Amino acid sequence: MSIIKDKFIIAGNWKMNKTLGELRIFIEKIVPKISDLQCEIMIFTPYLGFKDALEISKSHNLKIGAQNFHFESCGPYTGEISAEMLLDVGINMSLVGHSERRKFFGETNESVNKKIKKAITLNMSVILCVGESLEEREGNKYKKTVEVQIKEALNDISYESLENITIAYEPVWAIGTGKTASPKQSNEMCLFIKQCVRSIYNLGEKLIPKVLYGGSITPENCKEIFSMSDIDGGLVGGASLDESKFFKIAKIADDIIKGDM
Ligand code: PGA
């Protein structure tokens, strides 16, 4: 039986990894292999890789996105890149609010909200990352944390703009640690996020953003995670750096949506 998972998303977050040579080898290898897959496949590469990544992936089933941008259009922000600059080189989607940005670069729910607003004015898409720390999980505050992240990130964002937004639930304690949230825990939170969005917008059963799970996804554990009812895809860090692992993850997702698993 096939599970109806319309536009299932498999996204790779490369973080600060890969030289141009390594990027070219990876993308040249993967594009012919993913051409028949039905899921949407994307990679969030470092800025310096955009030109080559776009050139090689052109007219293939692979989208390229950014990992971050500044909410201002231009100005005295040394080292930053604006959304307009991304669009200028052909990039129209980005991650926002990844926990590493929050932890190491002072990203807050407020700055995340400003970035989403900026993206929307430019008709760019974002993947909004949310997730609780280990302390918040163990202190049973994880739902509250995620609810506040969602509410503040979506503050003053119209219902129509939700079309440009995907949400990724990434518990901080599962990122890069080899510890995955159990499929049940991940599904519970993806459903909870959908309920939060529904209640903010009074949505009933109407369209809500897709919600991905992220945190130590591997080819070995992804089948169980992707088979859960409220998980609409995966945001993959470490395993997305290895072309054969990333392809395996995408193929497993594709088999699930086609009902071959
Ligand atoms: P990981 O990273 O798969 O290496 O845990 C996920 C992420 O940071 O998006």
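Up top you'll find the structure we're talking about.
Residue indices follow the written sequence of each chain, beginning from 1 at its first position. Given that the model is predicted, a residue must reach a pLDDT of at least 70 before its local features are reported, and side-chain atom pairs must reach 80 or more before they are shown or counted; all residues, however, enter totals for whole chains, interfaces and linings. Only hydrogens and water are removed before side-chain values are computed, so all heavy atoms of the structure are retained for them.

**Some details on the pattern of salt bridges**
Proximity of charged atoms lets side chains of opposite charge pair with each other.
Then, in step 1: In the sections that follow, a salt bridge refers to a side-chain nitrogen of Lys or Arg positioned within 4 Å of a carboxyl oxygen of Asp or Glu. One pass over the full model with this rule turns up 17 salt bridges.
Then, in step 2: One salt bridge connects Glu40 with Lys63, and the closest N-O pair in it is separated by 2.5 Å. Placement of the pair is Glu40 in strand β2 (residues 40-44) and Lys63 in strand β3 (residues 63-65), with a sequence separation of 23 residues.
Then, in step 3: Across the salt bridge formed by Glu110 and Lys114, the nearest N and O atoms sit 4.0 Å from each other. Note that Glu110 and Lys114 are positioned in helix α5 (residues 109-121) at a spacing of four residues, about one turn of the helix.
Then, in step 4: Partly exposed residues are those whose accessible area sits between 20% and 50% of the maximum for their type, while under 20% is buried and over 50% is exposed, using a 1.4 Å probe and protein chains only. For Lys114, a relative accessible area of 36% puts it in the partly exposed group. A run of DSSP states H or I qualifies as a helix once it reaches four residues; a run of E qualifies as a strand once it reaches two. Both are numbered from the N-terminal end.

**Topic: the nonpolar core**
Then, in step 1: Within this scheme, the nonpolar core is defined by two criteria: the residues are buried Ala, Val, Leu, Ile, Met, Phe, Trp, Tyr or Cys, and they are joined through side-chain atoms within 4.5 Å. Within the largest apolar cluster, 70 residues are counted, with the highest numbers of intra-cluster contacts made by Ile27, Leu128 and Phe226.
Then, in step 2: Here this core takes eight residues from helix α10 (residues 243-258), the largest share from any one element.
Then, in step 3: Those residues in contact with Ile27, other than ones at most four positions away along the chain, are Trp14, Ala53, Ile56, Ser57, Leu62 and Ile64.
Then, in step 4: Judged by nonpolar contacts, the second largest core, of eleven residues, contains Phe44, Met93, Leu95 and Leu235. Throughout, a contact is declared for two residues whenever any of their heavy atoms are within 4.5 Å.

**Here's the deal with the packing of aromatic side chains**
Then, in step 1: Think of it this way: a Phe, Tyr or Trp ring, Trp meaning its six-membered ring, pairs with another when their centres are within 6.5 Å, and the plane angle makes it stacked under 30 degrees, edge-to-face over 60, tilted otherwise. What the rule picks out here adds up to six aromatic pairs.
Then, in step 2: When the ring of Tyr159 is compared with that of Tyr201, the centres are 6.5 Å apart and the planes differ by 55 degrees; the resulting orientation is tilted. Of the two residues, Tyr159 sits in the loop between α7 (142-153) and β6 (165-169) while Tyr201 sits in helix α8 (residues 183-201), which places them 42 residues apart along the sequence.
Then, in step 3: Under the relative-accessibility criterion, Tyr201 is labelled buried at 14%.
Then, in step 4: Taken together, the aromatic side chains of Trp14, Phe26 and Phe246 make up a single cluster linked through ring pairs.
Then, in step 5: A ring is scored as having a charge over it whenever the NZ atom of a lysine or the CZ atom of an arginine sits within 6 Å of its centre and within 35 degrees of its normal. In this structure, Lys18 is placed above the aromatic ring of Trp14, and the distance from its NZ or CZ to the ring centre is 5.2 Å.
Then, in step 6: Its guanidinium or amino end placed over the ring of Tyr142, Arg137 lies 3.7 Å from that ring's centre, counting from NZ or CZ.

**Points about the packing of α7 against α8**
Then, in step 1: Two numbers describe how α7 lies on α8: the axes approach to 10 Å, and their chain directions differ by 45 degrees. Relative to α8, the element α7 lies oblique. Between α7 and α8 lies a crossing whose hand is right-handed. Touching Tyr142, Lys143, Val146, Glu147, Ile150 and Lys151 of α7 are Glu188, Met189, Phe192, Ile193, Cys196, Val197 and Ile200, all from α8.
Then, in step 2: Residue composition of the contact of α7 with α8, grouped by class: nine nonpolar, no polar and four charged. Lines fitted to C-alpha atoms define the axes here, with helix axes fitted over just the stretch in contact, and angles between the N-to-C directions of these axes take values from 0 to 180 degrees. An angle below 35 degrees is treated as roughly parallel, one above 145 as roughly antiparallel, one from 65 to 115 as roughly perpendicular, and anything else as oblique. What makes a crossing left-handed is the near helix being turned counterclockwise from the far one by less than a right angle; a clockwise turn instead makes it right-handed. By the convention adopted, Pro, Cys, Tyr, Trp, Phe, Met, Ile, Leu, Val and Ala count as nonpolar, Lys, Arg, Asp and Glu as charged, and the other residues, Gly among them, as polar.

**Structural notes on the sheet that holds β6**
Then, in step 1: Reading across the sheet, the eight strands line up as β3-β2-β1-β8-β7-β6-β5-β4 and stay open at both edges, with parallel pairing between neighbours. Each edge of the open sheet is held by one strand with a lone partner, namely β3 and β4 (93-96). Here the strands of the sheet are splayed against their neighbours by 25 degrees on average, with no regard to which way each runs.
Then, in step 2: Note on pairing: DSSP must find at least two bridges between two strands before they are called paired. Relative to β3, β2 runs parallel, the two being bridged by three bridges. Residue Met42 lies in a different strand from β3, and its bridge partner there is Lys63.
Then, in step 3: Strands in contact with α7 are β5 (125-130) and β6; relative to β5, the strand with the most contacts, it is inclined by about 150 degrees.

**Here we look at the site of the ligand**
Then, in step 1: If you check the shell around the ligand, you find 13 residues, and the closest are Lys15, His98, Glu170, Gly176 and Ser216.
Then, in step 2: Side-chain atoms alone can form a polar contact between residues adjacent in sequence; in general such a contact is a pair of N or O atoms within 3.5 Å, and within protein one must be able to donate a hydrogen while the other accepts it. Lys15 places a polar side-chain atom, nitrogen or oxygen, 2.7 Å from an oxygen atom of the ligand.
Then, in step 3: At 2.7 Å, a backbone N or O of Ser216 approaches an oxygen atom of the ligand.
Then, in step 4: Residue composition of the shell around the ligand, grouped by class: four nonpolar, seven polar and two charged. Any residue with a heavy atom positioned within 4 Å of a molecule or strand is treated as near that molecule or strand.

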